[in-house]
Amino acid sequence: MTAQLIDGNALAKQIREEVAGRTQALKARGVQPRLSILLVGEDPASQVYTKHKVNDSTQTGLEATLETYPATLPEADLLARIRALNEDPSVHGILVQLPLPKHMDSHKVIETISPAKDVDGFHVASAGALMVGQPGFWPCTPYGCLKMLDAIGYDLTGKHAVVIGRSNIVGKPMALMLLGRDATVTVCHSRTRDLKSLTLQADVVVAAVGKRNVLTADMVKPGAVVIDVGMNRNDEGKLCGDVDFAGVQDVAGWITPVPGGVGPMTRAMLLVNTIQAAERAAA
Ligand SMILES: NC(=O)C1=CN([C@@H]2O[C@H](COP(=O)(O)OP(=O)(O)OC[C@H]3O[C@@H](n4cnc5c(N)ncnc54)[C@H](OP(=O)(O)O)[C@@H]3O)[C@@H](O)[C@H]2O)C=CC1
Ligand SMILES: Nc1nc(=O)c2c([nH]1)NC[C@@H]1CN(c3ccc(C(=O)N[C@@H](CCC(=O)O)C(=O)O)cc3)C=[N+]21
């Protein structure tokens, strides 16, 4: 079997077009949707990612401002800036790029963002809303994975979904979203025994670990859907996921590539959350 590709670039483009339409509608009502991105320090990957986010926003008609600060910025100054943005009615979304410098407490920083502007969905109030099924912002990466399953018309009801990874920003919220769609969910992590015996039972596997070849062909049930969240570099320095793509594509029914899979979808869902924040504020 050769798996069908789930094209994250194409789907993200579609979503950006939908957001552009909603942006036009808000502008017609005199509201300019606006996202503030805060970057602390000079991490090259973070610089690239935040530039991408600004470009995506601008192309969609959203206004994004990138504020950069030196790694030495005192935490209190960052918190003060976030509070000012919370109070600014012209700003609808606030994103603090992670990771933050070591002297900062990222939990404290995220909890300072107003939940109404938490377009990353990282605030405890956002996590709680997802857990109990109340309206709130969903973290962009698992939300994007769910949209990819929707795009292929996949019905999760009663299916066995195995999530590898239990982070607060990917694995845990992914598990809750799949549960919300009536899947039977298994969450695996570094202490899981016999990962292969679990993944072999899965109709859907989401790999969110950050290590190459966590999922190989011998671990996948024929026809399964494989979603690869990982962002790693191979020996040649090329971007690759957690999944052994070359091997797994012969077994899986559907597979997402890296690059061009979950990454662009994460960025698209940030725009969705931002336009939603602006629409709620204008309601
Ligand atoms: N495409 C995108 O848009 C995004 C991609 N990413 C990428 O996704 C990956 C995961 O990110 P994130 O969730 O933040 O990472 P974390 O490092 O926070 O979490 C990794 C998880 O993987 C688990 N794990 C580690 N080793 C194994 C193993 N051998 N078998 C099974 N589970 C294991 C860890 O277990 P334990 O809890 O026991 O330590 C942990 O739960 C990274 O490559 C990251 O770069 C992240 C965000 C967005
Ligand atoms: N507050 C915050 N929110 C985040 O959402 C956040 C963060 N901090 N810190 C870092 C991680 C990582 N992340 C990615 C998003 C898109 C791609 C992406 O678009 N990847 C492209 C390739 C990009 C490239 O060429 O490097 C792709 O997979 O095709 C990658 C990684 C968001 N994160």
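Given the structure is predicted, the values throughout are model-derived calculations rather than measurements.

Thresholds, definitions, all that
Residues numbered from 1 in each chain as written. Chains lettered and ligands numbered in written order. Predicted model: local features only at pLDDT ≥ 70, side-chain atom pairs only at ≥ 80, totals over all residues. Helix = DSSP H or I, 4+ residues; strand = E, 2+ residues; numbered from the N terminus. Rg over C-alpha atoms; globule rule 2.2 N^0.38 Å. Buried ≥ 20, exposed ≤ 12 C-beta atoms within 10 Å, placed from the backbone. Contact = placed C-beta atoms within 7 Å. Domains from an automatic or database assignment. Core = buried A, V, L, I, M, F, W, Y, C linked by C-beta atoms within 7 Å. UniProt positions renumbered as here; feature names shortened; annotations may be inferred. Pairing = 2+ DSSP bridges. Near = placed C-beta within 6 Å. Nonpolar A, V, L, I, M, F, W, Y, C, P; charged D, E, K, R; others polar. Axes fitted to C-alpha atoms, helices over the stretch in contact; angles between N-to-C directions.

With that out of the way, let us pick up the overall build of the protein chain. On a plain count of helices and strands, the protein chain comes out with ten helices and eleven strands. The C-alpha radius of gyration computed for the protein chain amounts to 19 Å, which stays within 12% of the reference 19 Å derived for 283 residues, consistent with globular compactness. Taking the principal axes of its C-alpha atoms as reference, the protein chain extends roughly 50 × 40 × 40 Å. Sorting the 283 residues of the protein chain into buried and exposed places 45% on the buried side. Considering only contacts within the protein chain whose residues lie at least 6 apart along the sequence, 69% involve residues at least 24 apart.

Once the domains are mapped, the protein chain shows domain 1 (30-114) and domain 2 (140-263). The gap between the C-alpha centroids of domain 1 and domain 2 is 29 Å.

The biggest cluster of nonpolar side chains holds 82 residues, and the ones touching the most others in it are V163, I164, V205, V206, A207 and V226. Here this core gets ten residues from one element, more than from any other, and that element is helix α10 (residues 262-282). Counting the residues that make up this core, at least three belong to each of domain 1 (30-114) and domain 2 (140-263). Apart from the residues lying within four places of it in its own chain, the contact partners of I164 are C188, V205, V206, A207, A208, V209 and V214.

Another aspect to go through is the UniProt feature "binding site: NADP(+)" (unreviewed entry) in the protein chain. As annotated in UniProt, the feature "binding site: NADP(+)" (unreviewed entry) corresponds to G165, R166 and S167 in the numbering used here. In this fold, G165 is placed in the loop between β5 (160-164) and α7 (171-180). For G165, a count of 24 C-beta atoms within 10 Å gives the class buried. Look past the residues within four positions of G165 in its chain and what remains in contact with it is V170, G171, H189, A208 and V209.

Judged by pairing direction, the sheet is parallel, and its six strands sit side by side in the order β1-β11-β8-β7-β5-β6 without closing on themselves. In the strand order of this sheet, the two ends are held by β1 (4-5) and β6 (184-188), each with one partner. Both strand β7 (residues 204-207) and strand β8 (residues 225-228) contribute to a ladder of four bridges, which runs parallel. When the sheet's bridge partners are listed, A207 is paired in β8 with D228.

Moving on: the site of ligand 2. Around ligand 2, 16 residues are found, and the nearest of them are L98, P259, G260, G263 and T266. At the level of secondary structure, the elements contributing two or more residues to the shell around ligand 2 comprise β4 (93-96) and α10. Examining the composition of the shell around ligand 2, we find that four residues originate from one element, α10, more than from any other. Looking at the shell around ligand 2, its residues break down into ten nonpolar, four polar and two charged. Both of domain 1 (30-114) and domain 2 (140-263) provide at least three residues apiece to the shell around ligand 2.

Let's shift gears to the site of ligand 1. Residues in close proximity to ligand 1 total 26 residues, the closest being G165, S167, S190, G210 and T266. For the shell around ligand 1, the element with the most residues is α10, which contributes three residues. Considered class by class, the residues forming the shell around ligand 1 number eleven nonpolar, twelve polar and three charged.

In terms of burial, β5 is largely enclosed, as four of its five residues are buried. As defined by bridge partners, β5 adjoins β6 across five bridges and the pair is classed as parallel. Within β6, the position partnered with A161 by the bridge is V185. Sheet topology places β5 next to β7; four bridges connect them, and they run parallel. Note that in β7 the partner of V162 across the bridge is V205.

With that out of the way, let us pick up the sheet that holds strand β2 (residues 34-40). The strand order across the open sheet formed by three strands is β3-β2-β4, and the pairing between neighbours is parallel. Looking at strand neighbours, the two that pair on one side only are β3 (63-69) and β4, the edges of this open sheet. On average, each strand axis in the sheet is inclined to that of its neighbour by 15 degrees, with strand direction left out of account. Pairing analysis gives seven bridges linking β2 to β3, with the strands arranged parallel.

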